[in-house]
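So you can see what is in the structure, the chains are spelled out below.
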Amino acid sequence: MSLLIKGARLWDASGEHGTADVLVADGRIASLEGGEAERVVEARGRYLFPGFLDLHAHLRTPGEEQKEGLETGLRAAAAGGFVEVVMMPNTRPPLDLPEAVSGVLRQAAGLRGARARSAAALTKGQGGKELAELRLLAEAGAVLFTDDGRTHEDAGVLAAGLRYAAALGRPVAVHAEDAGLRGDGVAHECALTEALGLPGNPAEAESARVARDLELLRMTGGHLHFQHLSTRSAVRLVAEAKQRGRRVTAEVTPHHLTLTVDALKTLDPLFKVAPPLREEADREALIEALAEGVVDAVATDHAPHTQAEKEADFLRAPFGIPSLEIALPLLFTELVEKRGFPLARLIEAMTDGPRAVIGEGPRRLVPGAPADLVLVDPRERRPVDPSRFFSKAKYSPWAGWELVGWPVLTLVRGEVVFDRLG
C-alpha cells in the first residue's frame, strides 16, 4: 500500500530537517513533497524518525516461548519503533549451529512486526571452551557473535574468537563481568544492598573484565563490542581505548540510564537485572558517555520472564527487564525532555550507532531510502501500562510513569506493522 504522511517534522541523526509530506511507495520513500496515495496519515507536526535497531533482545525462541515468542517479541519491538531486532543466542538450545540461525530467521520472516536479525553463539553450547563454526554461522545470517549471559574466563578462546570474527567482518560482543569478582552477587555491592542482605556484585567485576578484554583486543585486532555497560569505571576504559584507535564499541540500556540501586529498597525483583543497577554517579557517567559518543548505542536487553518467575523472592527471581515497547518514550522523557539531552544524538544511538556496530550504513529521510520509519508523538503524555504490552511480559519497573514520545506508527519496508492512528 502506498502511504502519505502529511505534515511530519523530519528528524534523523544529523538533526531536524523541517516539515514534509512523505510519500511511501514500493517499500521506499518516494518523495518528500507529497503525492497520491492509497492511505493518508495526518501527522500534525509529529516527529518522523528512521526506524530503530535494537542490538540486544531476548525473544526466547527456541525453547522458552512461555516467556516470549517471535510473534509477540517482534510485535512489541514494532510498537516501540524498532524496525530491526538482533536476537540473542542464549536460547534452549543455543543458536550455535548454522541451521539453528537460519531456521529461526526463516520462522521470523513470515511474521508481522520488526525484522529479526540474529546473533550466534561464540562458542559451542555457549560453554566457553571451543569456538563455534563462525564462518558457517555468518553465512547463515549471524550479524555478531556472543556468549551473552556467560562470563567465560578463558582469554585464549576470546582472543581466537576476535581473530576469526575479524576475518568474517563480524564483531564479538561480550557480557563484561569477571566471574570470580561477581561471585553469587545479585545486586550492586554497596552499603544499601549490604544492609538488605543481598550478595553484592562490585563495580570492579565489570571494569576488571573490560580492562582484560581490551588488552586482548590490542593483541588480536578485530572488533570488540561491550554489552550493557553499567559503571563509570568501565566507560572510562572504553573512552581511553577509543582514543588509542582500538575498534571498540559499547551499548547502554534504558534501565541503566534511568534507574539506580536505590530502587532496590523495596526488594522488588522487577529491578533485578544483570549487570545490576548501580549508583547515581554511574548513571550520570553513562548519560555523559552516551552524549559524547563513547557509548555507541542504546540497546534494550529486553529480557522477558513469566510473571510467576518475577514474583519470586529477590534471590530466586531471574535477572531481566522487558523494555522494547517503552525504550523510546522513557528516554525521550527522562533525557530529552527533562535534561535537554540532544534529540538527534538519541536518535543516532538508536539508529546509526547500532547499525554501525554490525557494519551497516546510516539511514536518512531522503527519497529512495528504505521506508523503515517511526512516527512519534512528542506531546501526548500517558502512563506506562504493562497490561497493554504486546510482549508476554506484562510487568515493568516503570509502571505508572507518565511519559511522552510514544511511537504511533511504525513502517518496515513500507508496510505498516504498528498503528495507533488507524
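This text goes with the structure placed above it.
Residues numbered from 1 in each chain as written. Predicted model: local features only at pLDDT ≥ 70, side-chain atom pairs only at ≥ 80, totals over all residues. Heavy atoms only, no water.

K.L.:
Can you walk me through the overall build of the chain in this structure?
P.N.:
Assigned secondary structure in the chain consists of 14 helices and 20 strands. Against the compact-globule benchmark of 22 Å for 422 residues, the chain has a radius of gyration of 21 Å, which places it among compact chains. On the principal axes, the C-alpha backbone points of the chain span a range of 65 × 45 × 45 Å. Of all 422 residues assigned to the chain, the portion counted as buried reaches 62%. Long-range pairs, those at least 24 residues apart, make up 75% of the contacts in the chain between residues at least 6 apart in sequence. Of the roughly 15500 Å² that the chain leaves accessible, carbon and sulfur atoms contribute 49%. (Helix = DSSP H or I, 4+ residues; strand = E, 2+ residues; numbered from the N terminus. Rg over C-alpha atoms; globule rule 2.2 N^0.38 Å. Buried < 20%, exposed > 50% of the residue type's maximum accessible area, 1.4 Å probe, protein only. Contact = heavy atoms within 4.5 Å. Areas by Shrake-Rupley, 256 points an atom, 1.4 Å probe, with all protein chains shown as cover.)

K.L.:
Just to check I follow, could you spell out the pairing of strand 14 (residues 248–252) for this structure?
P.N.:
Side-chain direction in a regular strand flips from residue to residue, so the side chains alternate between the two faces of the sheet. Among the 5 residues of strand 14, 5 are classified as buried, and the element is accordingly described as predominantly covered. Alternating positions in strand 14 separate into two faces, V248, A250 and V252 on one and T249 and E251 on the other, with burial throughout. Examined bridge by bridge, strand 13 (residues 224–226) and strand 14 share 3 bridges and lie parallel to one another. Looking across to strand 14, one finds that H225 is bridged to T249. Between the parallel pair strand 13 and strand 14, the chain is carried across by helix 8 (residues 232–243), and the sense of this crossover is right-handed. Sheet analysis places strand 14 next to strand 15 (residues 297–298), joined by 2 bridges and oriented parallel. Bridging across to strand 15, V252 finds its partner in V298. (Pairing = 2+ DSSP bridges. Right-handed = clockwise from strand over helix to strand, strands pointing away.)

K.L.:
What should I look at first to understand the pattern of salt bridges in this one?
P.N.:
If charged atoms from side chains of opposite charge come close, those side chains can pair. Tallied over the entire structure, the rule returns 33 salt bridges. One salt bridge connects D213 with R209, and the closest N-O pair in it is separated by 2.6 Å. Taken together, the residues D213 and R209, both in helix 7 (residues 203–220) and 4 residues apart, mark about one turn of the helix. For the pair shown, D213 and R209 are each scored as buried. Salt bridges linked by common partners bring E84, R115, R117, R355, E360, R363, D372 and R413 together as one network. (Salt bridge = Lys/Arg side-chain N within 4 Å of Asp/Glu carboxyl O.)

K.L.:
Sorry if this is basic, but what is going on with the packing of helix 12 (residues 327–339) against helix 13 (residues 343–350) here?
P.N.:
Relative orientation and spacing of two packed helices are given, respectively, by the angle between their axes and the distance between those axes. In the contact formed by helix 12 and helix 13, the axes pass within 11 Å of each other and the chain directions differ by 150°. Accordingly, the angle class assigned to the pair helix 12 and helix 13 is roughly antiparallel. The interaxial crossing formed by helix 12 with helix 13 has right-handed handedness. On helix 13, the residues touching A327, L328, L331, F332 and V336 of helix 12 are L343, L346 and M350. In terms of residue class, the contact of helix 12 with helix 13 is made up of 8 nonpolar, no polar and no charged. (Axes fitted to C-alpha atoms, helices over the stretch in contact; angles between N-to-C directions. Parallel < 35°, antiparallel > 145°, perpendicular 65-115°, else oblique. Left-handed = near helix turned anticlockwise from the far one by under 90°. Nonpolar A, V, L, I, M, F, W, Y, C, P; charged D, E, K, R; others polar.)

K.L.:
Looking at this structure, how should I read the layout of surface pockets?
P.N.:
Vacant regions in the atomic arrangement are exposed by a probe of water-molecule size rolled over the atoms. In this structure, the largest pocket spans a volume of roughly 510 Å³. N90, G149, A274, H305 and F319 are, among the 28 residues lining the largest pocket, the residues nearest its centre. Forming the walls of the second largest pocket are 14 residues, and the residues nearest its centre are E325, R382, R388, W406 and F418. Mapped by element, the contributors of at least two residues to the lining of the second largest pocket are strand 17 (382–383) and strand 19 (406–412). When its residues are assigned to classes, the lining of the second largest pocket shows 9 nonpolar, no polar and 5 charged. (1 Å grid on protein atoms, 1.4 Å probe; cavity = no way out; pocket = protein on both sides within 12 Å on 5 of 7 lines; lining within 4 Å. Points joined across faces, edges and corners; volume = space filled by probe spheres on them.)

K.L.:
Would you explain the nonpolar core in this entry?
P.N.:
Nonpolar side chains in soluble globular proteins generally cluster together in the buried interior. Counting residues in each nonpolar core, the largest one holds 78 residues, and the members touching the most others are F49, F145, F226, L257 and L290. Counting residues in each nonpolar core, the second largest holds 23 residues, with A263, F314, L330 and V384 among its members. (Core = buried A, V, L, I, M, F, W, Y, C linked by side-chain atoms within 4.5 Å.)

K.L.:
Just to check I follow, could you spell out the sheet that holds strand 6 (residues 52–57) for this structure?
P.N.:
Sheet strands associate in pairs through backbone hydrogen bonding, adopting either a parallel or an antiparallel arrangement. Spatial strand order, 6-7-8-9-10-13-14-15: 8 strands in an open sheet with parallel pairing. Since the sheet does not close on itself, it has two edges, and those belong to strand 6 and strand 15, each with one partner. Summarising the sheet, strand 10 (residues 172–174) and strand 13 pair through 3 bridges and their orientation is parallel. Residue pairing in the sheet places V172 in a bridge with L224 of strand 13.

K.L.:
When you look at empty space enclosed by the protein in this model, what are you seeing that I'm missing?
P.N.:
Taken as a whole, this structure holds 1 cavity of 30 Å³ or more when the rule is applied. Empty space within the largest cavity amounts to approximately 130 Å³. Lining the largest cavity are 17 residues; nearest its centre among them are L122, D147, H152, L158 and R209.

K.L.:
Honestly, helix 4 (residues 155–167) in this entry has me stumped. Any pointers?
P.N.:
Note on helix geometry: an α-helix contains 3.6 residues per turn, so any two residues three or four positions apart are oriented the same way. Look at helix 4: 19 Å from first C-alpha to last across 13 residues, which is about the 18 Å you get at 1.5 Å a residue. Along helix 4, the residues that are buried comprise V157, L158, A159, G161, L162 and A165. For helix 4, the capping residue at the N-terminal end is D154, with a side-chain oxygen 2.9 Å from the backbone nitrogen of G156. Looking at the residues trailing helix 4, positive phi occurs at G169, about 70°. (Expected span 1.5 Å × (residues − 1). Polar contact = N/O pair within 3.5 Å; in protein donor to acceptor, adjacent residues only side chain to side chain.)

K.L.:
What's the story with the pairing of strand 16 (residues 373–377) in this structure? I'm lost.
P.N.:
Counting buried positions over the 5 residues of strand 16 gives 5, a clear majority of the element. With burial as the criterion, each face of strand 16 is covered, one bearing L373, L375 and D377 and the other bearing V374 and V376. Bridge count between strand 16 and strand 19: 5 bridges; the pairing is antiparallel. Among the inter-strand pairings, D377 is bridged to a residue of strand 19, identified as W406.

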